[in-house]
Amino acid sequence: MAISEADVRRVALLARLEVTDEEARSLAEHFGKILEHFHRLQELELSEVDPFSLEGPGTPWRSDEAKPWGGRDEILSEAPRREGDFFVVPRIVEEE
Amino acid sequence: MELWKLPAWKIAEEVRRGNLSASQVVESHIRRMESLEPSLNAMITPMPEEARRRALAVDEALSKGTDLPLAGVPVAVKDLLCTEGIRTTCGSRVLGEWKSPYTASAVRYLEENGAIVIGKTNMDEFAMGSSTEQSAFGATSNPWDLSRVPGGSSGGSAAAVAAGYAPIALGSDTGGSIRQPAALCGVYGLKPTYGLVSRWGLIAYASSLDQVGPFSRDLVDLALVLEVISAYDPLDSTCVPGSRPRYRDALKAHDLKGQRIGFLKGYQDFDMDDEVKEKLAFALRICQEGGAEMMEVSLPVSTGYGLPCYYIVAPAEASSNLARYDGVQYGLSEEGKSILELYLKTRGKGFGNEVKRRILVGTYVLSSGYYDAYYLVAQKVRRLIADEFARAFSAVDALIMPASPTVAFKKGEKLDDPIQMYMSDLFTLPVNLAGLPAVSMNVGYSKAGLPVGVQVVAPKWGEMEILKVASVLTDAVGSPKVAMGGEG
């Protein structure tokens, strides 16, 4: 299945990934080969098959309780841009 | 005595008796690590100073009478398990110098038992790869032949144990990332049943597949570490409650009488190195001579379609898990005039080729109009694979399969051909898709001196069974040798 560089750029934007021209070229090539490989799955008869879901002995529900956490400042100190207790991002709402 | 050659159980025994200090043990391993690291590059962050400090603390705790079953045992930790106060990189640029505010439960359990982390090991970025070449911190070399790869993605952990930096290590296995490097480096590597070991503090790749597991050069060590790290952890909602067996008890088995062992029908016709086929046949003979009833098993969907199934499911989950690296709260952050530009640039610069490829594949197969054609189909095939193994295990107690179709390959050989690289995990991926436990172990060496491994697979919660088979195989082939790592 042929995948164009435009296809790669469209999906890359959905995934919030900047790709260079060279990356788009090489990704288009590899992407096509990988999708081709996926098409082998069409050889299987699947109409009566239920999709997989994780199962097993099961894990217990627990009550949704807040517990004290001492690492608040360590977490905030990792912020690339910070003002007080806020993470700073570029302006999201445009001015009129 | 070269302390770095000792198994973990022996170290702990000697340190607890006071015949050795944790400091002596740690010093010996640090020297080994520092002499080989220039040629192996198995570590992203060596931690000699932290390990020395911790060794003093262990020695002091012992002098006060604290019981520490892993006293003084050095451990190497894959760099996707969080360690408080030490950077965790996941082999990526995108996390920068990020330090987790807490330690992963599996690591904490080891430390609470007296083990000492000597460093964070190299890995394919975000555990995506089979060669440890796709790390932002450079490739790791195979300690048996420096021109070859150690396998991946936990290649640094496998190489570190093989070369004697530490008797034990932790890795993670999403599609073979413990078992394939264990085979290529000639050590034990165990991928537990999905839900056995806590993943609290494990950086997620594909959450329905990821498991944390141990590496060792000694089978008792493998069982011992599994006992420690498999303790139930309420912090991981996928960790199954309940007590775990004393895994070392499985090693009392010295024959396989009454056991039914399966092997792949027509395995000689699979695309594998001849020497891998020969060693597999050798392992099967050992089981037979040990009294097992040998049975042919057919797994056509798992071996024929496991690979495309995995490469839809895992990237789909990865594209979602890796959405969190956005340059806002931690890690690398590029400048952008808008929030979109900040995301695009940060992620574009922060991720390497293979990670980008898998994020794109995952985004594509989940995107509108393609979900039914790819993701839903893959989830149905995954059901067939899980059912196929369940049927096989109604007839056999354990399966012996190749751990890797090849011995360690040359660096660069598969880097430009993703499908060829993915084929490295042909026999390991289906085990993750079905959520089963498996141990990969050395069963000999090729003519060129490269390790050859096999894996033993059992039904869910069958860790005792795979260790039993591994014990009988080990009686026949001996424990793995220490790799010279380019020395001598």
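Reading the values: rules and limits
- Residues numbered from 1 in each chain as written.
- Chains lettered and ligands numbered in written order.
- Predicted model: local features only at pLDDT ≥ 70, side-chain atom pairs only at ≥ 80, totals over all residues.
- Helix = DSSP H or I, 4+ residues; strand = E, 2+ residues; numbered from the N terminus.
- Rg over C-alpha atoms; globule rule 2.2 N^0.38 Å.
- Buried ≥ 20, exposed ≤ 12 C-beta atoms within 10 Å, placed from the backbone.
- Pairing = 2+ DSSP bridges.
- Axes fitted to C-alpha atoms, helices over the stretch in contact; angles between N-to-C directions.
- Contact = placed C-beta atoms within 7 Å.
- Nonpolar A, V, L, I, M, F, W, Y, C, P; charged D, E, K, R; others polar.
- Core = buried A, V, L, I, M, F, W, Y, C linked by C-beta atoms within 7 Å.
- pLDDT = per-residue confidence, 0-100.
- Parallel < 35°, antiparallel > 145°, perpendicular 65-115°, else oblique.
- Left-handed = near helix turned anticlockwise from the far one by under 90°.

**Remarks on the overall build of chain A**
Then step 1. Helix and strand counts for chain A stand at 3 helices and 2 strands.
Then step 2. Its helices and strands taken in sequence order, chain A reads α-α-α-β-β from the N to the C terminus.
Then step 3. Whereas a compact globule of 96 residues would reach a radius of gyration of roughly 12 Å, chain A reaches 23 Å, over 25% beyond that.
Then step 4. Going through the 96 residues of chain A one by one, you find that 18% of them count as buried.

**With respect to the sheet that holds strand 8 (residues 293-297) of chain B**
All names here are of chain B.
Then step 1. Ordered in space as 1-3-2-4-6-5-10-11-9-7-8, the 11 strands form an open sheet in which the pairing is mixed. In the strand order of this sheet, the two ends are held by strand 1 (43-46) and strand 8, each with one partner. Averaged over all neighbouring strand pairs, the angle between strand axes comes to 30°, with direction disregarded.
Then step 2. Two elements, strand 9 (residues 398-402) and strand 11 (residues 451-457), share 4 bridges in a ladder whose sense is antiparallel. Each residue of the ladder has a partner; that of P402, found in strand 11, is V454.
Then step 3. Taken strand by strand, helix 3 (residues 48-63) contacts strand 1, strand 2 (74-78) and strand 3 (116-121), and its axis lies near 160° from that of strand 3.
Then step 4. In the packing of helix 5 (residues 155-163) onto the sheet, contacts are made with strand 1, strand 2, strand 3, strand 4 (168-173), strand 5 (188-191) and strand 6 (211-216), and the angle to strand 4 comes to roughly 155°.

**Quick notes on the interface of chain A and chain B**
Then step 1. If you look at the interface, chain A gives 40 residues, while chain B gives 54 residues.
Then step 2. For the side of chain A that touches chain B, the secondary-structure elements that each account for two or more residues are helix 1 (5-14), helix 2 (21-38) and helix 3 (72-76) of chain A.
Then step 3. In terms of residue count, helix 2 of chain A provides more of the side of chain A that touches chain B than any other element does, 7 residues in total.
Then step 4. Along the lines of polarity and charge, the residues of the side of chain A that touches chain B split into 27 nonpolar, 5 polar and 8 charged.

**Quick notes on the nonpolar core**
Then step 1. Core analysis: the largest hydrophobic core is formed by 189 residues, its most contacted members being V75, I116 and I118 of chain B.
Then step 2. Dropping the residues within four chain positions of it, I116 of chain B is found in contact with A22, V26, A51, R54, A55, V58, G72, V73, P74 and V75 of chain B.

**Notes on the confidence of the model for chain B**
Then step 1. Counting all residues, the mean pLDDT for chain B is 96, and 100% of those residues have values of 70 or more.
Then step 2. What the predictor reports for the complex is a pTM of 0.97 with an ipTM of 0.93.

**Considering the packing of helix 2 (residues 22-40) of chain B against helix 3 of chain B**
Residue and element names in this part refer to chain B.
Then step 1. Two elements in contact, helix 2 and helix 3, have axes separated by 8 Å at closest approach and are oriented at 160°. When the axis of helix 2 is compared with that of helix 3, the two are roughly antiparallel. Between helix 2 and helix 3 lies a crossing whose hand is right-handed. The residues of helix 3 that touch helix 2, namely those facing A22, S23, V26 and I30, are P48, A51, R52, A55, L56, V58 and D59.
Then step 2. Here the residues of the contact of helix 2 with helix 3 are counted per class, giving 8 nonpolar, 1 polar and 2 charged.

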